[in-house]
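Coordinates in review
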Amino acid sequence: EAVISLGEFSALGRGTTLNSGAPVTLGKYVLVSGYVYIQGSMHGISGQELIAVQPHTHRPISIGDGVWIGAGAKILYGHAIGRGAVVGAQAVVTRDVNDFEIVAGIPATHIRYRT
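In this report, the structure presented in the accompanying data block is examined. (Residues numbered from 1 in each chain as written. Predicted model: local features only at pLDDT ≥ 70, side-chain atom pairs only at ≥ 80, totals over all residues. Heavy atoms only, no water.)

When its secondary structure is counted, the protein shows zero helices and 16 strands. Compactness check: the protein gives a C-alpha radius of gyration of 14 Å against a globular reference of 13 Å for 115 residues, within 12% of the reference. Projecting the C-alpha coordinates of the protein onto the three principal axes gives extents of approximately 45 × 30 × 20 Å. Buried positions account for 39% of the 115 residues belonging to the protein. Counting only contacts in the protein whose residues sit at least 6 apart along the sequence, the fraction spanning at least 24 positions is 21%. Summed over all atoms, the accessible surface of the protein reaches about 6500 Å², with 59% contributed by carbon and sulfur. (Helix = DSSP H or I, 4+ residues; strand = E, 2+ residues; numbered from the N terminus. Rg over C-alpha atoms; globule rule 2.2 N^0.38 Å. Buried < 20%, exposed > 50% of the residue type's maximum accessible area, 1.4 Å probe, protein only. Contact = heavy atoms within 4.5 Å. Areas by Shrake-Rupley, 256 points an atom, 1.4 Å probe, with all protein chains shown as cover.)

If you want it as structure tokens, here you go:
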């Protein structure tokens, strides 16, 4: 079941899209810049069967308290972003992000820790 939970004092920027058949949870004080895309579902791509008729899979996405997600970033399919993390603008998150980790790039890679 797809449920979106937005914590206190969190904000979604203009043009942000949440597309998921699984829960998406954003903690408190999360700042999501404009045109961020959060995608918690995916089509199957096995064999030579048409992609449009393959089953969807859904995985939850969790974004911890105090996270900042830069403009145009993409959070993909079932990943968690830890408390206090920073996701750079236009980054594509294809793995879990640790607490207080700063990631950027395509795919998003470790830059440093905030602490």
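Each regular strand shows side chains that alternate between the opposite faces of the sheet. Bridge count for strand 13 (residues 86-87) against strand 15 (residues 101-104) is two bridges, and the pairing is parallel. Counterpart to Val 87 in the pairing with strand 15 is Val 103. Both strand 15 and strand 16 (residues 109-113) contribute to a ladder of four bridges, which runs antiparallel. Among the inter-strand pairings, Ala 104 is bridged to a residue of strand 16, identified as Thr 109. Connecting the antiparallel pair strand 15 and strand 16 is a turn made up of four residues, with Gly 105 showing a positive phi of about 100 degrees. (Pairing = 2+ DSSP bridges.)

Here Asp 96 is to be found in the loop between strand 14 (92-93) and strand 15. We classify Asp 96 as partly exposed; its relative accessible area is 42%. Sequence-distant contacts of Asp 96, that is, excluding residues within four places in its chain, are made with Gly 78, His 79 and Ala 80. Within polar-contact distance, the side chain of Asp 96 engages the side chain of His 79 at 3.5 Å. (Polar contact = N/O pair within 3.5 Å; in protein donor to acceptor, adjacent residues only side chain to side chain.)

Taken by themselves, the reported measurements are silent on function.
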